[in-house]
Amino acid sequence: MMLVNRPPMTPWLAFLVHTAAAKQPSPYKRSGLAFLHIPKSAGATIETKTGRRMAPPGVNWHFHVTYPGHKAPRSCPYWHVPPRYLGNASTYEPNSTWCVVRDPADRALSAFKERVAPDAVGDAKQASAWLLKTLAPGVFPVGRQCHLVPQSTYVFDAAGARTCAHALRFERLPDEFDALMERYGVPWRWAESFGDTNRMHHAPSNLTVAALEPAAIARVRAVYRDDYCALGYDAAACGRRP
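Residues numbered from 1 in each chain as written. Predicted model: local features only at pLDDT ≥ 70, side-chain atom pairs only at ≥ 80, totals over all residues. Heavy atoms only, no water.

## What about the pattern of salt bridges?
How we decide: For salt bridges, the criterion is a side-chain nitrogen of Lys or Arg within 4 Å of an Asp or Glu carboxyl oxygen. Three labels apply to residues, based on accessible area from a 1.4 Å probe with only protein chains included: buried if under 20% of the type maximum, exposed if over 50%, partly exposed otherwise in between.
Counted according to the given criterion, the structure contains seven salt bridges. Its salt-bridge partner being Glu-47, residue Arg-52 comes within 3.4 Å of it at the nearest N-O pair. A salt bridge links Asp-106 to Arg-102; the shortest N-O distance between them is 2.9 Å. Residue classification places Asp-106 among the partly exposed positions, given a relative accessible area of 24%.

## Description of the sheet that holds strand 1 (residues 34-35)
Note the cut-off: Any two strands are treated as partners once DSSP identifies two or more bridges connecting them. Working definition: helices are DSSP H or I runs of at least four residues, strands are E runs of at least two. Numbering for both runs from the N terminus. Two residues form a contact once any of their heavy atoms are found within 4.5 Å. Structural elements are reduced to axes, namely lines fitted to C-alpha atoms, with helices fitted over the stretch in contact, and the angle between N-to-C directions of any two is expressed from 0 to 180 degrees.
Strand order in the open sheet formed by three strands is 1-4-5, with parallel pairing between adjacent strands. Taken across any chain shown, the strands that pair with only one partner, and hence form the sheet edges, are strand 1 and strand 5 (166-169). Sheet analysis places strand 1 next to strand 4 (residues 97-101), joined by two bridges and oriented parallel. What sits directly across from Ala-34, in strand 4, is Thr-97. Its contacts with the sheet put helix 7 (residues 173-183) on strand 4 and strand 5, and the angle it makes with strand 5 is roughly 150°.

## Looking at the state of the cysteines
Basically, it comes down to this: Whenever a pair of cysteine sulfur atoms sits within 2.5 Å, that pair is classed as a disulfide.
Tallied over the entire structure, the rule returns three disulfides. Bridging Cys-99 to Cys-164, the disulfide has an S-S length of 2.2 Å. Taking the torsion about the S-S bond as the criterion, the Cys-99 to Cys-164 disulfide, at about -110°, is left-handed. Of this pair, Cys-99 sits in strand 4 while Cys-164 sits in the loop between helix 6 (152-155) and strand 5, and the two are 65 residues apart along the sequence. Should the bonded cysteines of the chain be numbered as they appear in the sequence, the pairing reads 1-3, 2-4, 5-6.

## Section: the nonpolar core
The criterion, for reference: Grouping buried Ala, Val, Leu, Ile, Met, Phe, Trp, Tyr and Cys residues that are joined through side-chain atoms within 4.5 Å yields what is termed a nonpolar core.
Ranked by size, the top nonpolar core spans 46 residues in total, and within it Tyr-67, Val-81 and Val-155 carry the most contacts. Counting residues per element, the ones that place at least two in this core are strand 2 (62-65), strand 4, helix 4 (104-115), helix 5 (124-134), helix 6 and helix 9 (214-223). Ranked by the residues each element gives to this core, the list is headed by helix 4, at five residues. Contacts of Val-155, omitting those with residues within four sequence positions, involve Ile-38, Cys-99, Val-101, Ala-161, Arg-162, Thr-163, Cys-164 and Leu-231. Core analysis: the second largest hydrophobic core is formed by 16 residues, Ile-46, Val-100, Leu-173 and Leu-180 among them.

## Here we look at unusual backbone geometry
In this structure, Lys-40 takes a positive phi of about 65° despite not being glycine. Within the secondary structure, Lys-40 sits in the loop between strand 1 and helix 3 (43-50). Overall, Lys-40 belongs to the buried group, its relative accessible area being 10%. Of note, Cys-146 is a non-glycine position whose phi angle comes to about 65°, a positive value. With respect to the helices, strands and loops of the structure, Cys-146 is situated in the loop between helix 5 and helix 6. Judged by its relative accessible area of 0%, Cys-146 falls in the buried class.

## Observations regarding the packing of aromatic side chains
As a reminder, the rule being used: For Phe, Tyr and Trp, where Trp contributes only its six-membered ring, two rings pair if their centres lie within 6.5 Å, and the inter-plane angle classes them as stacked under 30 degrees, edge-to-face over 60, or tilted in between. Look at NZ for Lys and CZ for Arg. If either is within 6 Å of the ring centre and within 35 degrees of the ring normal, a charge sits over the ring.
Within this structure, the stated rule accounts for 12 aromatic pairs. Ring geometry for Tyr-28 versus Trp-188: centroids 4.8 Å apart, planes at 10°, classification stacked. Taken as a pair, Tyr-28 in helix 2 (residues 27-31) and Trp-188 in the loop between helix 7 and helix 8 (190-194) lie far apart in primary sequence, 160 residues in all. Given the relative accessible area of 14%, Trp-188 is considered buried. Among the aromatic residues, those joined into a cluster by ring pairs are Phe-35, Trp-98, Phe-177, Trp-190 and Phe-194. Across the ring face of Tyr-92, the terminal group of Arg-53 is positioned such that the distance to the ring centre comes to 4.8 Å.

This is a description of form; function is not addressed.
In structure tokens, the structure reads:
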């Protein structure tokens with residue numbers, strides 16, 4: 001076999017080769033997966049890898065939604081709005097979406113921590129009072145930037161069909177993320193991808209749900225009864241009426 005000595009690659013040719021390689025879709029994009037951001041469930045951290053789901057052309061990213069029981073529309077970031085409320089502006093394909101769900105009380109507590117001063121994030125009494133004031137009985141919760149919209153409205157549409165094909169548990173996120181990426185042939189693993197990334201929007205805090213007042217926990221369970229039931233956090237909630 002004759003060996004042919006090829007001339008060295010010129011800087012310009014090397015640039016073209018590098019540029020062509022950079023334009024190739026990443027394994028994640030080729031997988032067809034689409035991240036559906038449920039607020040207060042590790043979404044900002046995950047978006048450091050997946051990118052943010054932006055509104056389609058002609059649609060304002062300040063998306064206005066009139067939620068059930070509300071007379072006036074609320075403005076929320078497009079990527080925080082459940083697919084069922086996006087209508088024709090939705091760019092999600094239900095079979096390829098994945099999201100992260102979280103214990104409803106833990107999620108509500110995280111929303112409290114973001115809304116208060118850094119020196120108050122560990123105050124159980126203040127957190128309990130905030131939850132009782134913010135989560136009104138019989139009122140569909142929305143919160144700032146849709147942070148309190150029920151998680152089940154992201155996972156299912158109004159008819160009960162899934163709009164999030166793969167709902168990962170926040171409590172088991174590293175293992176379930178790794179399994180999902182492996183299933184779709186994406187070479188991402190939680191430890192390598194997010195080991196040093198934790199985009200919390202509040203000061204560090206050791207305050208947990210266990211420290212909240214019973215009345216506050218009961219209010220969360222009543223307001224988010226559908227989440228506890230539909231997401232599997234409390235099967236007994238499925239038969240419990242508010």
